[in-house]
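# Fold and geometry: a report
Each chain, letter by letter, is given below.
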Amino acid sequence: MKAEHYVGGVFRSDGPSFPLIAPVDGSELGTVPEATREVVDDAVTAAQRALRGPWGATGAEERAAALRAVADGIQARFDEFVDAEVADTGRPRDFARTVDVPRAIGNFRAYADLLYGRPERAYTTQVPGWSAGTGQALNYTVRRPLGVVAIISPWNLPLLLSTWKIAPALACGNAVVLKPSEETPSTATLLARVIDDAGLSDGAFNLVHGHGPAAAGEFLTGHPGVDAIAFTGESATGAAIMRNAADHVTPVSFELGGKNPALVFADADLDAAVDGTVRSSFTHSGQICLCTERVYVDRPIFDEFVVRLGERASALDGYGPMISAAHRDKVLSYYRLARDEGATVVAGGGAPAFGDERDTGFHVEPTVLTGLPETARTVREEVFGPVCHVAPFDTEDEALALANDSPYGLASTVWTRDLSRAHRVAPRVETGIVWVNCWNLRDLRTPFGGVKASGIGREGGEYSLDFFSEPVNVCIQI
Ligand code: NAD
Ligand code: 6OD
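All of the points below concern the structure found in this document. Bear in mind that the values here come from a model prediction, so they are computed numbers and not experimental data.

### A short note on the site of ligand 2
- Taken together, the residues surrounding ligand 2 are Arg103, Asn156, Leu157, Leu161, Trp164, Ile288, Cys289, Leu290, Arg442 and Phe448.
- One of the side-chain N or O atoms of arginine 103 is found 2.7 Å from an oxygen atom in ligand 2.
- Taking cysteine 289, its main chain carries an N or O atom lying 2.7 Å from an oxygen atom of ligand 2.
- Grouping the constituent residues of the shell around ligand 2 by class yields seven nonpolar, one polar and two charged.
- Counting residues domain by domain, the shell around ligand 2 receives three or more from each of domain 1 (5-256 + 454-477) and domain 2 (260-443).

This is the structure in structure tokens:
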């Protein structure tokens, strides 16, 4: 797969490039072009031109048809998308087949569907001389696209998370410039091919590859021609982007990091809670922003829960690698730090030796820790690997206090069979998403996002359409 920029309807790969490394075995997959400031300028200019041209004149029905054509195009090249995602990320093939690619198709279909039934003019009111001014007025609201939207996406769910923003941005009539993660450029390039084949107007969707700081990401997010930024990634990167965007007061939607808690009450279905925590801590080797890294367990079931979770973690196989050597080293440094901080390692704690080609890849063991104080860095900082720390609690209030004592607030899971407790506890957990007796069960229309350092704004369904369009009030005096 050859990574290419896609600017104003033209594929190009001029300028410098860097190697793309396969995380599964460390081999070189190819090279990726690094967008210079000129390439980024060209992409923003192409997007602006599209908005002044045919793309800017499209109606909702035409855009819905375009989104469906993109969904069909991904479906037609399903296996190529799976191959590209597996090669870039090293994830199990089944995950790409059942999650990444179907969800990308679902993102385009869902926003095409949502365009129907959404009035472009909404909420009409008659104001009988009620405020400043005289006479009666008819007010109505028109929704306008924001303009050029920069989308910056991470490596952990490359296609899923970029299409999660591209689809609603295009649905609302914006022009998009996507900069995917430098670690995972391939499905974005394939998507550009599909969009090109689907016949969207030149410049409606543009793709530039490259790094973040002092590179394509920074050039794009600080560009005066960018009207909005939708970003997914680390909280520290979000802060850097905010500073960069501040000069132009560019609006942002941020989906950021987390240190997600799970609360397991003694009245929970223990089998389900153990199963669920194995999934929530170790799916995609912990490289999903929603993964659980802190587990708080009611003291009467604490010992049994820890033993069972440890056994299950030790028995996991077929798990994928960390995305890069640098990320593997970061995760292993937290495993060492945990020991230095006094943790008991119940399972894992190092790098596996497979005795095959995977040993040159970037794998780490699924790891379960106990015994750390809440002040330990391993308990407070996002590791973004297959690791969780398990600690006991004695009361519901204590469980909530422990869960909420974090700078982050993305997602949480509550395990209980007591309906009253579920309703009592869920609204008090300070996270944007609370799952009860499940994890990562997603309806694309629900609000998705974090509180505190985990994000700004909500996306999903109407929430995305609200971010990617601007309500404009028209007031006509009667
Ligand atoms: P990252 O912040 O390092 O990079 C994300 C993107 O930002 C990449 O495309 C990168 O090139 C770009 N970037 C980096 N520095 C930049 C800068 N100064 N200006 C502009 N762009 C810049 O994140 P990552 O390592 O790719 O992803 C893992 C992180 O993402 C974790 O913290 C995880 O929790 C978070 N995440 C959050 C969500 C969510 O929905 N809340 C979803 C997925 C991942
Ligand atoms: O499922 C989604 O819509 C979504 N945004 C998931 C994010 C996962 C983070 O890694």
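Now, onward.
### Focus: the site of ligand 1
- For ligand 1, the set of nearby residues contains 30 residues, the closest of which are Trp155, Glu182, Thr237, Leu256 and Glu382.
- Between ligand 1 and leucine 256, the relevant distance is 2.7 Å, taken from a nitrogen atom to a main-chain nitrogen or oxygen of the residue.
- At the level of secondary structure, the elements contributing two or more residues to the shell around ligand 1 comprise helix 7 (216-221), strand 10 (228-232) and helix 8 (235-246).
- Ranked by residues supplied to the shell around ligand 1, first place goes to helix 7 with three residues.
- Tallied by class, residues from the shell around ligand 1 come to 13 nonpolar, 11 polar and six charged.

### A look at the sheet that holds strand 18 (residues 411-415)
- Spatially, seven strands are ordered 14-15-16-13-12-18-19 in an open sheet, and the strand pairing comes out mixed. Pairing within the sheet leaves two strands with one partner each, and these edge strands are strand 14 (344-347) and strand 19 (433-436). This sheet shows a mean twist of 25 degrees between the axes of neighbouring strands, independent of strand direction.
- Here strand 12 (residues 260-264) pairs with strand 18 via three bridges, running parallel. Looking at strand 18, one finds that leucine 263 is bridged to valine 414.
- Against the sheet, helix 13 (residues 396-404) makes contact with strand 12, strand 13 (292-298) and strand 16 (387-393), and its axis sits at roughly 150 degrees relative to strand 16, the strand it touches most.

Procedures and definitions
Residues numbered from 1 in each chain as written. Chains lettered and ligands numbered in written order. Predicted model: local features only at pLDDT ≥ 70, side-chain atom pairs only at ≥ 80, totals over all residues. Heavy atoms only, no water. Near = heavy atom within 4 Å. Polar contact = N/O pair within 3.5 Å; in protein donor to acceptor, adjacent residues only side chain to side chain. Nonpolar A, V, L, I, M, F, W, Y, C, P; charged D, E, K, R; others polar. Domains from an automatic or database assignment. Helix = DSSP H or I, 4+ residues; strand = E, 2+ residues; numbered from the N terminus. Pairing = 2+ DSSP bridges. Axes fitted to C-alpha atoms, helices over the stretch in contact; angles between N-to-C directions. Contact = heavy atoms within 4.5 Å.

By themselves, these observations are geometric and do not establish any function.
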